[in-house]
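Structural characterization, general
Each chain, letter by letter, is given below.
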Amino acid sequence: MQGLDPVVYREAMSRYAGHVQIVTTEHEGVRRGVTITAACSVSDSPPTVLACLNNTNPNNAVLFESPHFALNTLAAQHQELANAFAGFGKLSSEERFALAEWQVLATGSPVLADAITAFDCVVTDRKVTNTHTVLFGEVRAVHIGVREPSLIYLDRGYRTL
């Protein structure tokens, strides 16, 4: 049985709306953040989320090694920040983090001060697949921001909801 053509799969997934988030950590003095849409709740007992990160980006190594991460949910006004953390503009990590205000909750991971919500997590498991690593994190603290329109990625572009 032949596998599904990756081009067809990516076209189908482009029609799957995803909330835009930045996953962040600070580990051994290195800060890293990356824009993702592959994240979700796993359970509320204990409160757990997951985030999927591309294995091919060597800069993600700090996220794979860190014992903690934060999942920062973006609002409509965060499109420029989402682009920066997605690698557009080729900004350094320091330049990316300088675009916004960050705070620390329980684990030491950077939490976006004006995120719609953020989940500060300790890593409980990692699952490595062919192209991505799935981080599972038990939520140790949350930031609940102002309720405002969310930044969504759909049809290869940003939308708001």
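See the structure printed just above.
Residues numbered from 1 in each chain as written. Predicted model: local features only at pLDDT ≥ 70, side-chain atom pairs only at ≥ 80, totals over all residues. Heavy atoms only, no water.

As for the sheet that holds strand E1 (residues 18-19)
- One open sheet holds the three strands; their spatial order is E1-E11-E12, and the pairing between them is antiparallel. Edge positions in the sheet fall to E1 and strand E12 (157-160), since each has one partner strand and no second. (Pairing = 2+ DSSP bridges. Helix = DSSP H or I, 4+ residues; strand = E, 2+ residues; numbered from the N terminus.)

Let's talk about the environment of lysine 90
- Residue position: lysine 90 is located in the loop between helix H3 (79-85) and helix H4 (93-97).
- Taking the relative accessible area as the measure of exposure, lysine 90 reaches 76% and is therefore exposed.
- Between the alpha carbons of lysine 90 and arginine 159 there is a distance of 23 Å; along the sequence they are 69 residues apart. (Buried < 20%, exposed > 50% of the residue type's maximum accessible area, 1.4 Å probe, protein only.)

As for the pairing of strand E4 (residues 39-44)
- Bridge analysis of E4 against strand E5 (residues 47-54) gives five bridges, and the strand direction is antiparallel. In the strand pairing of E5, alanine 39 is matched with alanine 51.
- In sequence, E4 turns back onto E5 through a hairpin of two residues.

A short note on unusual backbone geometry
- Of note, the bond from serine 45 into proline 46 is cis; its omega dihedral lies within 30 degrees of zero at -5°.
- Although it is not a glycine, glutamate 28 adopts a positive phi angle of roughly 50°.
- Judged by relative accessible area, glutamate 28 falls into the exposed class, the value being 71%.
- Not every positive phi belongs to a glycine, and lysine 90 is a case in point at roughly 55°.

Notes on the pairing of strand E2 (residues 21-27)
- In terms of burial, E2 is largely enclosed, as six of its seven residues are buried.
- Bridging between E2 and strand E3 (residues 30-36) involves seven bridges; their strand directions are antiparallel. Bridging across to E3, glutamine 21 finds its partner in isoleucine 36.
- The hairpin turn running from E2 into E3, its antiparallel successor, is two residues long, and glutamate 28 in that turn takes a positive phi close to 50°.
- Relative to strand E6 (residues 68-73), E2 runs antiparallel, the two sharing four bridges. Along E6, the bridge assignment pairs threonine 24 with alanine 70.

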